[in-house]
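Residues per chain, in single letters:
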Amino acid sequence: MDVMLNCPSGCETIHHRLKCGTNVFILPKDRNIKVGAVSVGFGSADREFYFDGKSCVIPPGTAHFLEHEMFNRPDGDISEKFAELGAEVNAFTDTEKTVYYFKTAGNFSECFRLLLNFVESTAFGDTDKEREIIKREIDMYSDSCERKAYFGALDELYPSSPLACEIAGTNESVENINTEILELCHRAFYVPENMTVICSGNVTADEIMTETEKIFFGRERKTAAKYKISAKCAGGKRIDNGNTTADVFCVAYPAAAVFSKNKDSLLLKIISEAAFGEGSELFERLTKEKVMFEVPSVDIVTHSGQEHIAISGRANNAETAMDIIDEELSAFKNGGMDQRKFERERKRLFGTFVRISDDCWQAVNMQAVCKDEGLAEMAENIRQLDLPGCLKKLDLIGSKNGRCVVKPGK
């Protein structure tokens, strides 16, 4: 068992891998609200895998559909049982994982047992009913100009790649998802060695580990072998229309992985703040030329050896904004980053990390992102980042990019 308490960063962590294969992270905090979560290593981009002696290809949106169906039981929605215990329960799916979590001020033990039991069970309710709910969710997403721009840019960067697909899939793809596919994916990925239990607040580590081992014991199946995603960068531009009063844009660049997943992500955060943040030359130029007046948003995604950085926002002229971003990124790469600027951004990142980690839910969410490294270890990793590593990472941001603009008008 790894125990890191009284850390200078304040990111106390207790970590232990159980006999059943599950990683458990406890983040002790003196708070009224307690949070429990299970993170499953199965996300929207995991569309091809080898399991039970055969290759499997599943429709877009399957991981998200399974997330929905896990709550849908023959005896009612599992959320009602959490509500009876005074807890709020929810879940989300992203490119590489699905996370189920609850927040509560009391009855933590009962909520935690309920969470573990429902995540490992597949007593599904009416799949057709859930399919219609998901379709309405997809229609709602289609009205989001920001999502349309983001996934449009990714599709231009990685044509037809699972990385560029909407997490919920499409109305057509969810029609091809049935109970048999959902049960297959549950058997393939909802196994102890592919699940991480994370709890934060005034909780008892021994109780959490004992309950997890007891409920997951005897289910030591092997996780399906995921096929590596092959996403060749193409680069291109598309224009769409949407319900917006100003241009909405996104430009996405590939960033080759060179270190560990977490270190690559941390370095890209430093680079993105220095290159695109409020104090950057890019933002100064955008405002001076009256192209846009809000700091661009930056998304960083790493999955299966693929990595990209996406810059998005609203602009008076999206094409001009993207051209300026491209020019300033190229100038930033050529000019590099000096020690003073690097140290400033590294300290800013460390401060943000510690502040986020102080909140129970945000700490749990951060731990789910960090996966096998505890928050205390991640805090130390930030301290040890150096300028040579940052410059190496900066040099590996590709010049090809995918662009998408959503203009006013349906």
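A few points on the structure. These numbers were taken from a predicted model, which means no experiment stands behind them.

Cut-off values and rules
- Residues numbered from 1 in each chain as written.
- Predicted model: local features only at pLDDT ≥ 70, side-chain atom pairs only at ≥ 80, totals over all residues.
- Heavy atoms only, no water.
- Pairing = 2+ DSSP bridges.
- Helix = DSSP H or I, 4+ residues; strand = E, 2+ residues; numbered from the N terminus.
- Contact = heavy atoms within 4.5 Å.
- Axes fitted to C-alpha atoms, helices over the stretch in contact; angles between N-to-C directions.
- Left-handed = near helix turned anticlockwise from the far one by under 90°.

What to know about the sheet that holds strand E6 (residues 54-57)
- Taken together, 3 strands build an open sheet; the order of strands is E6-E5-E12 and the sheet is antiparallel. One side of each edge strand has no neighbouring strand; the edge strands of this open sheet are E6 and strand E12 (225-226).
- The pairing of strand E5 (residues 48-51) with E12 spans 2 bridges and is antiparallel. Residue pairing in the sheet places Tyr50 in a bridge with Ala225 of E12.
- The sheet contacts of helix H7 (residues 179-189) involve E5, E6 and E12, and relative to E5 the element is tilted by about 70 degrees.

So, the sheet that holds strand E14 (residues 247-254)
- Taken in spatial order, the 5 strands line up as E13-E17-E14-E16-E15 in an open sheet, and their pairing is mixed. Of all the strands in the sheet, just strand E13 (236-242) and strand E15 (297-303) have a single pairing partner and so form its edges. Adjacent strand axes in the sheet meet at a mean angle of 15 degrees when their direction is disregarded.
- Pairing geometry for E13 and strand E17 (residues 402-408), over 7 bridges, is parallel. Across the sheet, the residue bridging to Asn241 is Lys407, located in E17.
- Here helix H9 (residues 261-276) sits on the sheet in contact with E15 and strand E16 (306-315), set at roughly 160 degrees to E15.

Considering the packing of H9 against helix H11 (residues 318-335)
- Two numbers describe how H9 lies on H11: the axes approach to 10 Å, and their chain directions differ by 115 degrees. Here the hand of the crossing between H9 and H11 comes out right-handed. Counting all contacts with H9, which are made through Ile271, Ala274, Ala275 and Phe276, the residues of H11 involved are Ile325, Leu329 and Phe332.

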